[in-house]
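Inside the fold
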2 protein chains.
Amino acid sequence: MINAIQPLLTHIEKICSIDTDKTNLIGSFLEHKICHKKDLLLTEGHRCFEKFFIVKGCVQLFYLRANGAEQTLDFALENWWTSDFTAFQDSIPAQFSIRAIEDTEVLCISADAQRELLKQIPEMNAYFHLVFQRAYAASQMRLRYLYEFSKEELYLHFLKHFGAFTQRIPQYLLASFLGFTPEYLSELKKKFLS
Amino acid sequence: MINAIQPLLTHIEKICSIDTDKTNLIGSFLEHKICHKKDLLLTEGHRCFEKFFIVKGCVQLFYLRANGAEQTLDFALENWWTSDFTAFQDSIPAQFSIRAIEDTEVLCISADAQRELLKQIPEMNAYFHLVFQRAYAASQMRLRYLYEFSKEELYLHFLKHFGAFTQRIPQYLLASFLGFTPEYLSELKKKFLS
């Protein structure tokens, strides 16, 4: 656990200042999980008891369309928190699934453990305040891009800002995330590589 | 200011517990602004120094398309916080404008004042943690609806969940928010009212 928690402690240190005797406690509220590629961390329709900090690896957040196809809504990489946050905060069934798309290490915290953590280390609220403000700010920008960009512009924007990441994920998932068919993504790649 | 700040204090009380001597200080970090219908609270391209708590009224968040048309991305009502949060947190030019669509009262807090507020009343981090977690949770759901729903389903969903609100806003803004032409919205309304 000592090694696994270090990326989270580093992330926290960048955002807010917490005394060492308190940061030493943080690990006791978290569970370290190692997931293999394709393991599910959360299943749509099930209760969502936890949120996840990605220590290493990458996960996709998706839901099942009426026709059974998976629609990828988001990815989460190292140093990101992810969950179905509506389900997490309201203790209701999840409307998304989360699956590891690489071998992935996460730190999980349950809603109960988080309540206790925030009681004992209220400074962690400053950390989560900024984490969620950033996440919400990013979602405002993403919404603008969804309204503003053509499919081609969306692809080029993603390539420009997350170029290295596009190498890590299966191309059918990138296509799903961008709202394309795999065939259309393949056409675009050919067009911009030629 | 005493009356204007009460809705915010009530909102805070619902989320976290702060001693009265501290809550009495909160007003000193905020500015009370009264905006007339159509006044701009934030203009795209300008620096965004503040975030806004809506005491009374309603605002739209929008950007200008390349053709000069306004694209409405979001609304904010009583008890909601709004801003261009990327611009607010990074002190960069705003990529959205915010305009009152009714006579509107807001409480504004600047990034500097917020830093001071959080220093003096760190418990406010617990409040903002939950405010932003909820906002981000809602944006996850909205993203799902944008991918999942047909235009007709999007309209019916909005009507079901925000029925009273649809009566408050000009229909061309509702159409813009839903990504419709005003004519298409008008057709849908006729279809479901008949």
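Residues numbered from 1 in each chain as written. Chains lettered and ligands numbered in written order. Predicted model: local features only at pLDDT ≥ 70, side-chain atom pairs only at ≥ 80, totals over all residues. Heavy atoms only, no water.

Points about the pattern of salt bridges
Should their charged atoms come close, side chains of opposite charge can pair. Here is the rule: Between Lys or Arg on one side and Asp or Glu on the other, a salt bridge is scored when a side-chain nitrogen of the former is within 4 Å of a carboxyl oxygen of the latter. Each helix is a run of DSSP H or I of at least 4 residues and each strand a run of E of at least 2, with the numbering of both proceeding from the N terminus. Burial status follows relative accessibility: with a 1.4 Å probe on protein chains alone, a residue under 20% of its type maximum counts as buried, one over 50% as exposed, and anything between as partly exposed.
Considering all chains together, one arrives at 22 salt bridges over all chains under this definition. With its nearest N and O atoms 2.9 Å apart, the salt bridge here joins E123 of chain A to K22 of chain A. Of this pair, E123 of chain A sits in the loop between α4 (111-120) and α5 (124-148) while K22 of chain A sits in helix α2 (residues 20-26), placing them 101 residues apart in sequence. Here R115 of chain B ties to D112 of chain B by a salt bridge, and the two come within 2.5 Å at their closest N and O atoms. Of this pair, R115 of chain B and D112 of chain B both sit in helix α4 (residues 111-120), separated by three residues, roughly a single helical turn. Its relative accessible area of 54% is what places R115 of chain B among the exposed residues. According to the relative accessible area criterion, D112 of chain B is exposed, its value standing at 57%.

Considerations on the UniProt feature "domain: Cyclic nucleotide-binding" (unreviewed entry) in chain A
For the record, the criterion: UniProt positions are given in the numbering used here, feature names are shortened, and annotations may be inferred rather than shown by experiment.
The UniProt feature table records "domain: Cyclic nucleotide-binding" (unreviewed entry) at residues 36-120 of chain A. Overall, residues 36-120 of chain A shows 19% helix and 42% strand. The separation of its end C-alpha atoms is 33 Å.

Considering the relation of the copies chain B and chain A
Two chain copies, one operation linking them: a rotation about an axis together with a shift along it. The condition is simple: We superpose the copies by least squares over the C-alpha atoms of residues that have a pLDDT of at least 70 in both of them. In this analysis, two residues are considered to be in contact whenever any of their non-hydrogen atoms come within 4.5 Å of each other.
When chain B is fitted to chain A, the residual RMSD is 0.0 Å, and the transformation amounts to a turn of 180 degrees plus an axial shift of 0.0 Å. Such a turn and shift between the copies fits a two-fold axis. Every residue of chain B has its C-alpha some distance from the rotation axis, and the shortest such distance is that of H129 of chain B, at 1.9 Å. When you check the interface residues of chain B against chain A, 100% turn up at the interface there too, and the contact is symmetric in its surfaces.

Observations regarding the sheet that holds strand β3 (residues 50-56) of chain B
Within a sheet, neighbouring strands are paired by backbone hydrogen bonds and run either parallel or antiparallel to one another. Residue and element names in this part refer to chain B. Filter applied, for reference: DSSP bridges decide pairing: two strands pair if at least two such bridges lie between them.
The strand order across the open sheet formed by four strands is β1-β8-β3-β6, and the pairing between neighbours is antiparallel. Unpaired on one side and paired on the other, β1 (31-35) and β6 (81-82) mark the two borders of the sheet. Here β3 runs beside β6; their pairing, made up of two bridges, is antiparallel. From the neighbouring strand, F52 faces β6, where its bridge partner is T82.

Observations concerning a nonpolar patch on the surface
Residue and element names in this part refer to chain A. Spelled out, the test is: Exposure above 30% relative accessible area and the lack of any salt bridge qualify a residue for a patch; like charges then connect within 9 Å, and the nonpolar side chains Val, Leu, Ile, Met, Phe, Trp and Tyr within 5 Å. Surface accessibility follows the Shrake-Rupley procedure with a 1.4 Å probe radius. Residue values consider only the protein chains on display as shielding.
A cluster of nonpolar side chains, namely L156, L159 and F192, defines an oily patch on the protein surface of about 210 Å² accessible area. By the secondary structure assignment, F192 is in helix α9 (residues 182-193). Note on F192: relative accessible area 32%, which makes it partly exposed.

Describing the sheet that holds strand β2 (residues 40-42) of chain B
Residues and elements named next belong to chain B. Spelled out, the test is: Only C-alpha atoms enter the line fits that serve as axes; for helices the fit covers just the stretch in contact. Angles between N-to-C directions range over 0 to 180 degrees.
Across the sheet, which stays open at both edges, the four strands sit in the order β2-β7-β4-β5 with antiparallel pairing between neighbours. Here the strands that pair on one side only, and so sit at the sheet edges, are β2 and β5 (70-76). Adjacent strand axes in the sheet meet at a mean angle of 30 degrees, parallel and antiparallel pairs treated alike. Along the sheet, helix α8 (residues 171-178) contacts β4 (59-64) and β5; its crossing angle with β5, the most-contacted strand, is approximately 95 degrees.

Topic: helix α6 (residues 151-161) of chain A
All names here are of chain A. Put simply, the rule reads: The arc under discussion is defined with respect to the helix axis, by the directions toward the C-beta atoms.
L154, Y155, H157 and F158 are the residues of α6 that are buried. Burial along α6 is one-sided: seen end-on, the buried residues are contained in an arc of 165 degrees. On its buried face, α6 sits against α5, α7 (163-168), α8 (171-178) and α9.

Thoughts on the domain arrangement of chain A
Residues and elements named next belong to chain A. Our working definition: Each domain span listed reflects an automatic or database assignment of domains. The term polar contact refers here to a pair of N or O atoms within 3.5 Å; inside protein, the definition further demands a hydrogen-donor-capable atom paired with an acceptor-capable atom, and it admits residues adjacent in sequence only when both atoms are side-chain atoms. Note on residue categories: nonpolar means Ala, Val, Leu, Ile, Met, Phe, Trp, Tyr, Cys or Pro, charged means Asp, Glu, Lys or Arg, and polar means any other residue, Gly included.
Assigned domains within chain A: domain 1 (2-142) and domain 2 (149-194). Spacing between the C-alpha centres of domain 1 and domain 2 amounts to 26 Å. Listed as interface residues are 14 residues of domain 1 and, on the opposing side, eight residues of domain 2. Across the domain 1-domain 2 interface, the total number found is two salt bridges. Put simply, E102 and R168 hold a salt bridge, and the shortest N to O gap is 2.8 Å. Run the count over domain 1 and domain 2 and you get five residue pairs in polar contact (both at pLDDT 80 or more). A per-element tally of the side of domain 1 that touches domain 2 places strand β5 (residues 70-76) first, with six residues. Class assignment for the residues of the side of domain 1 that touches domain 2 results in five nonpolar, four polar and five charged.

Considering the nonpolar core
Rule in force here: As used in this record, nonpolar core signifies buried Ala, Val, Leu, Ile, Met, Phe, Trp, Tyr and Cys residues forming a set joined through side-chain atoms within 4.5 Å.
Ranked by internal contacts, the top residues of the largest apolar core, which has 57 residues, are I26, M124 and Y127 of chain A together with I26, M124 and Y127 of chain B. Looking at this core, the element that brings in the most residues is α5 of chain A, giving eight residues. Once you skip the residues sitting within four places of it in the chain, M124 of chain A turns out to touch I12, I18, I26, L117 and L118 of chain A. In this structure, M141 and F180 of chain A together with V59 and L61 of chain B belong to the second largest nonpolar core, which totals 41 residues.

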